[in-house]
Amino acid sequence: MAAPNCMLKGKEIPNVKEDFRGARRVEQYRLGNRALYLPEGLRWNYIPLSEIRKAEESFRVISAGHCVPVREKRPEIDLVTDNGSVHLQLEKQENMKLILDAVAGACAGE
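These figures come from a predicted structure and were not determined experimentally.

Draft legend 1. Main features of the confidence of the model for the protein chain. Across the protein chain, the average pLDDT comes to 88, with 87% of residues at 70 or higher. Summarising per-element confidence for the protein chain, the mean pLDDT is lowest in strand 6 (residues 54-64) (78) and highest in strand 3 (residues 29-31) (97).

Draft legend 2. Geometry of the sheet that holds strand 1 (residues 5-6). Ordered by their spatial adjacency, five strands build an open sheet running 1-5-4-3-2, and the pairing between neighbours is mixed. For this open sheet the edge positions go to strand 1 and strand 2 (24-26), each flanked by a neighbour on one side alone.

Draft legend 3. A look at the environment of serine 50. Of note, serine 50 is situated in the loop between strand 5 (43-48) and strand 6. Between the C-alpha atoms of serine 50 and valine 103, which are 53 residues apart in sequence, the distance is 7.7 Å.

Draft legend 4. How the structure looks around the side chain of glutamate 27. Within the secondary structure, glutamate 27 is located in the loop between strand 2 and strand 3. Buried glutamate 27, no salt bridge; nearest opposite-charge side chain is lysine 92, N-O distance 6.2 Å. Within the structure, glutamate 27 has its side chain in polar contact with the backbone nitrogen of lysine 92 (distance 3.0 Å). Setting aside anything within four residues of it in sequence, one finds glutamate 27 in contact with Gln89, Leu90, Glu91, Lys92 and Asn95.

Draft legend 5. Geometry of the environment of glutamate 91. Relative to the assigned elements, glutamate 91 resides in the loop between strand 8 (84-89) and helix 2 (93-108). For the pair glutamate 91 and glutamate 27, spaced 64 residues apart in sequence, the C-alpha separation works out to 7.7 Å. In contact with glutamate 91, not counting residues within four places along its chain, are Glu27, Arg60, Arg74 and Pro75.

Conventions and cut-offs
- Residues numbered from 1 in each chain as written.
- Predicted model: local features only at pLDDT ≥ 70, side-chain atom pairs only at ≥ 80, totals over all residues.
- Heavy atoms only, no water.
- pLDDT = per-residue confidence, 0-100.
- Helix = DSSP H or I, 4+ residues; strand = E, 2+ residues; numbered from the N terminus.
- Pairing = 2+ DSSP bridges.
- Buried < 20%, exposed > 50% of the residue type's maximum accessible area, 1.4 Å probe, protein only.
- Lys, Arg positive; Asp, Glu negative; His and termini not counted.
- Salt bridge = Lys/Arg side-chain N within 4 Å of Asp/Glu carboxyl O.
- Polar contact = N/O pair within 3.5 Å; in protein donor to acceptor, adjacent residues only side chain to side chain.
- Contact = heavy atoms within 4.5 Å.

Structural data, given as structure tokens:
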């Protein structure tokens, strides 16, 4: 396996392969002890949890149907780093809380 690529140049974490192997699956993402991993094709990119400056809840509304409109609210997270924002789309509310708690814990540990 190729090592995951850090999305913030100069902020790479040591032993990233080991952290990735121990990461738990949260929908299409992986949440390690020190980083959040995002898929990109057959490779993985990551953001060190310690480099996330702000994490905010967000929602997207999915509209469907023509005769009877259906609206569904889905959870999202906006992560802010020194290099800009990253937008995560999720399916389940509990997964949003899991990621937000991990980011808050990493920020509190500094």
